[in-house]
Amino acid sequence: MAKTQKKTLDLVRREMPKQPPEVRRHNFQEVALGYSPELAVEEARRCLQCPKPACVSGCPVEINIPAFIDAIARRDFGQGIRILKEKNCLPAICGRVCPQEDQCEIKCVLTRKGAPVAIGRLERFLADWEAEQGEPELPPIAPPTGKKIAVVGGGPAGLTVAGDLIQLGHQVTIFEALHKMGGVLIYGIPEFRLPKAIVAREVDYLRRLGVKLVTNFVVGKTRTIDSLLEEFDAVFIGAGAGLPWFMSIPGENLNGVYSANEYLTRINLMKGFLFPNYHTPIKRHKRVAVIGGGNVAMDCARSALRLGAEVRIIYRRSRQEMPARLEEIENAEEEGVIFEYLTLPIRYHGDENGWVKEMVCVRMKLGEPDASGRRRPIPIEGSETVFPVDAVIVAIGNSPNPLIPSTTTGLEVGKRGNIVADEETGKTTKERVWAGGDVTTGAATVILAMGAGRKAARSIHQYLTSH
Amino acid sequence: MFRVVASRMIVPNVHLLTLEAPAVAREAKPGQFVILRACEEGERIPLSLSDWDAEMGTVTVIFLNIGFTTNQLAALEEGKTIPTVVGPLGNATRIEKYGTVLCLGGCYGIGSIFPIARALKAAGNRVFTLLEARSAYLFYWEERFEAISERVIHITRDGTRGYRGHIDRLPEVVKDLGVPIDRIIINGCTFLLKRGSDASRPLGISTWVSLNPIMIDGTGMCGVCRVTVGDATRFACVHGPDFDGHQVNWEELLHRRKAYMVEEEVPFRTSRCNDHGCKA
Ligand SMILES: Cc1cc2nc3c(=O)[nH]c(=O)nc-3n(C[C@H](O)[C@H](O)[C@H](O)COP(=O)(O)OP(=O)(O)OC[C@H]3O[C@@H](n4cnc5c(N)ncnc54)[C@H](O)[C@@H]3O)c2cc1C
Ligand code: SF4
């Protein structure tokens, strides 16, 4: 551990090199290029090594942040990555997509001076550095226990559970509905924010550890949870929140109106942007409206932009309330996405062939705070505005798919279809079944899904070794 | 990977493909479908199950060779493999003792309605089968239907077999049968489903259709398969594929099916014709 030492405050947060906006808006390659070792060391040296680090309490998995930053400052990158991986098995992913400004970085004492240490960027730096060192060595694996675990869903929650349990000597099989592992990391988050090669590397690591990966397998259809329990000692459900919401307004079933899931899946999973070399088509629209203000909406908007469209984000509150990561809002602004705040679509009009051609919106004003603490938007009378559009992407949220609960006996679900599970252990109301990630919380974050996977793995291991 | 066990053209431009997919075969029920990909770069397309064999671990689909992916599938030889066969998806057709059921199939739907007719017969129904095609040479599997139907009736556009004309003549067919029909079930192209439903409406016979919109994941994740049924938006993959044919908004569905007509042709025009863009 470094000693706390008096030093002059360095309040210059090191910027991470990025593709310039006018270049990146025409390609799907990663926007942020990562720190060089020099930049990383400079940034790491800004850390004050607080004796009571507040940042750690902001991280949902409590990474020992000052310690890994200190390792970077000492150029001991190997040590740094080891510290990270004690708590986070997917640092290359979290370093890129975590909402650090609301988690670890907001707690950093330097935030008060307007320059928190760039914890996420440093995390990403270490993970990328490790990848450059070639295939990581495999950790020691405990002697076989003879216990078998089925993991449903290959997203961050499922991947984490699998990685933890296989190292403890259990046999693990992941069943994934789609033809590729990765969950939202593969079908949702675009290449320009999270290169698919990084996800593939994590999946490959699990394969090398001995996890069995079964794709094209829909639990609840191909086989039920009850049937899996006959063969496996325990089941973990990490099926995510994949059911898209629509607004139920007139014209929503016109051609050219997409769920965010459909639009992003065509591009990311099916590689529609490489059509016709890949065979799934994606339209090159001219004027696209994206409804919503979260990460999903930003990803849709920036994808549509890269396919050549003029893009508007339609959001019913103001910029301050937008749930998307600040970095991604800024990226979208720089790239030329137009933001229509305080605006709500109320219907769509189609042409004679059933394609959307106009979106009718009302303008809103903000009233009193609602249950979520955000000020409630209220329509302004007589403020109808018409936008010409040839595509609309609805990105207002997702909830868990009812497929698994409806085909499983004794599994309790909550109001929004989320599977009820104990927060500390991931135990569900069904014997030998655990759950975690978006399927229990509703759409949340990668790090929370990973953290839930960790806790469930611990609880499953305890159960299996005592039964 | 899923191995091709049989692949042949059964009548002009209509292909049969039997694939090794034991997990799907074990669970398959009449009226369900699978999603296939023909190669690593391929798109995901839904095809109704026409048959399966749980013991052999195989499933059979029948399809019209009309687009890029079906063209690839049609070209598959026995022993080759494809990367995705996932299912069985959708809800099974509801099999009950209705009394007398008229099963109407056209095109690939002649294949997919067969297991439905078979199950209805086994459940104690009287089954009449009505097969529809442009011309007599497009019928197949007739001996299968003969074995389970009271009668097999044909209708052809050119009059080469049975009634001449389109399915609009359904009321006449029903009248000629001379028995009250309790339920009509239709499988086939969207036009057959729509016109069959239109034709049965005045008869007041409950009519169920198996919808076939564009799909990607087939589990309710993408929502591209949404259809309006009555006042509600439904996802054909999870709420269907069977719906009350008198409640479906056909105009909307026909538009939605045509959304990618232009793109469907692009790979044909631009692909390197020696390998069609992939290794399948
Ligand atoms: C476009 C988009 C952008 C996002 N951006 C961010 C971000 O910047 N930062 C952040 O932290 N979070 C972000 N999120 C949220 C984050 O991706 C999720 O919270 C996280 O992926 C949840 O992980 P999970 O493992 O619970 O589920 P998922 O990642 O959803 O994985 C679930 C997997 O289970 C599979 N599955 C579902 N049902 C079945 C079944 N019946 N049988 C077999 N398999 C099944 C699914 O196909 C899927 O692969 C974003 C989400 C989206 C959609
Ligand atoms: S995992 Fe996320 S919250 Fe935790 S330190 Fe890394 S970036 Fe911050």
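Residues numbered from 1 in each chain as written. Chains lettered and ligands numbered in written order. Predicted model: local features only at pLDDT ≥ 70, side-chain atom pairs only at ≥ 80, totals over all residues. Heavy atoms only, no water.

**Student:** How should I be thinking about the site of ligand 1 in this particular structure?
**Tutor:** Residue and element names in this part refer to chain A. In the vicinity of ligand 1 there are 34 residues, among which Val97, Glu176, Arg193, Val219 and Asp438 approach most closely. Here an oxygen atom of ligand 1 and a backbone polar atom of Ala157 are 2.9 Å apart. Here Gly183 contributes a backbone N or O atom positioned 3.5 Å from an oxygen atom of ligand 1. Breaking the shell around ligand 1 down by element, the ones donating at least two residues are helix 9 (156–167), helix 14 (295–306) and helix 18 (446–466). Looking at which element gives the most residues to the shell around ligand 1, the answer is helix 14, with three residues. By residue class, the composition of the shell around ligand 1 is 19 nonpolar, ten polar and five charged. (Near = heavy atom within 4 Å. Polar contact = N/O pair within 3.5 Å; in protein donor to acceptor, adjacent residues only side chain to side chain. Helix = DSSP H or I, 4+ residues; strand = E, 2+ residues; numbered from the N terminus. Nonpolar A, V, L, I, M, F, W, Y, C, P; charged D, E, K, R; others polar.)

**Student:** What should I look at first to understand the side chain of A:Arg96 in this one?
**Tutor:** Looking at the secondary structure, you find A:Arg96 in helix 6 (residues 91–97). The residues touching A:Arg96, leaving out its near neighbours within four places in the chain, are A:Glu30, A:Arg124, A:Asp128, A:Arg193, A:Leu194, A:Pro195, A:Ile198 and A:Arg325. (Contact = heavy atoms within 4.5 Å.)

**Student:** Before we go on, may I ask you to explain the nonpolar core in this structure?
**Tutor:** Soluble globular proteins: nonpolar side chains tend toward being buried together. Formed by 80 residues in total, the largest nonpolar core has its most connected members in A:Ile65, A:Phe68, A:Ile69, A:Ile72, A:Leu122 and A:Ile460. The element best represented in this core is helix 18 of chain A, accounting for nine residues. Contact partners of A:Phe68, with chain neighbours within four places excluded, come to A:Ile63, A:Gly80, A:Ile83, A:Leu84, A:Ile119, A:Leu122, A:Glu123 and A:Leu126. A:Phe387, B:Val174, B:Leu192 and B:Trp250 belong to the second largest nonpolar core, which has 54 residues in total. (Core = buried A, V, L, I, M, F, W, Y, C linked by side-chain atoms within 4.5 Å. Buried < 20%, exposed > 50% of the residue type's maximum accessible area, 1.4 Å probe, protein only.)

**Student:** Before we go on, may I ask you to explain the packing of helix 2 (residues 37–45) of chain A against helix 4 (residues 65–73) of chain A in this structure?
**Tutor:** The angle between the axes and the distance between the axes are what describe a pair of packed helices. Residue and element names in this part refer to chain A. Orientation of helix 2 relative to helix 4, taken along the N-to-C sense of each, is 130°, at an axis distance of 8 Å. Here helix 2 is positioned oblique relative to helix 4, judged by the angle of their axes. Considering how the two elements wind past one another, helix 2 and helix 4 form a crossing that is left-handed. Contacts between helix 2 and helix 4 involve Ala40, Val41, Ala44 and Arg45 from the first element and Ile69, Ile72 and Ala73 from the second. In terms of residue class, the contact of helix 2 with helix 4 is made up of six nonpolar, no polar and one charged. (Axes fitted to C-alpha atoms, helices over the stretch in contact; angles between N-to-C directions. Parallel < 35°, antiparallel > 145°, perpendicular 65-115°, else oblique. Left-handed = near helix turned anticlockwise from the far one by under 90°.)

**Student:** Just to check I follow, could you spell out the site of ligand 2 for this structure?
**Tutor:** Neighbouring ligand 2 are A:Cys59, A:Pro60, A:Ile63, A:Ile65, A:Asn88, A:Cys98, A:Gln100, A:Gln103, A:Cys104, A:Ile119, A:Glu123 and A:Ile447. When its residues are assigned to classes, the shell around ligand 2 shows eight nonpolar, three polar and one charged.

**Student:** It is not clear to me how the interface of chain B and chain A should be interpreted in this structure. Could you clarify?
**Tutor:** How big an interface is tends to be stated in terms of accessible area lost as the parts join. If you look at the interface, chain B gives 48 residues, while chain A gives 38 residues. Both faces combined, the contact of chain B with chain A buries some 3400 Å², and carbon together with sulfur accounts for 56% of it. The three residues of chain B that bury the most area against chain A are B:Met221, B:Arg226 and B:Tyr260, which together make up 20% of that side's buried surface. For the pair chain B and chain A, the interface holds zero salt bridges. Summed over the shared surface of chain B and chain A, the result is 21 residue pairs in polar contact (both at pLDDT 80 or more). Secondary structure elements with two or more residues in the side of chain B that touches chain A: helix 1 (22–27), helix 2 (68–74), strand 7 (84–89), strand 14 (226–229), strand 15 (232–235), helix 8 (250–257) and helix 9 (261–270) of chain B. (Buried area = accessible area lost by both parts, 1.4 Å probe. Salt bridge = Lys/Arg side-chain N within 4 Å of Asp/Glu carboxyl O.)

**Student:** How should the sheet that holds strand 11 (residues 163–164) of chain B be read in this particular structure?
**Tutor:** In a beta sheet, neighbouring strands pair by backbone hydrogen bonds and run either parallel or antiparallel. Residues and elements named next belong to chain B. Ordered by their spatial adjacency, seven strands build an open sheet running 11-10-9-8-12-13-16, and the pairing between neighbours is mixed. Of all strands in the sheet, those with a lone pairing partner are strand 11 and strand 16 (242–244), marking the two edges. Bridge count for strand 8 (residues 100–106) against strand 12 (residues 183–187) is five bridges, and the pairing is parallel. Pairing of Leu102 across the sheet is with Ile184, part of strand 12. (Pairing = 2+ DSSP bridges.)

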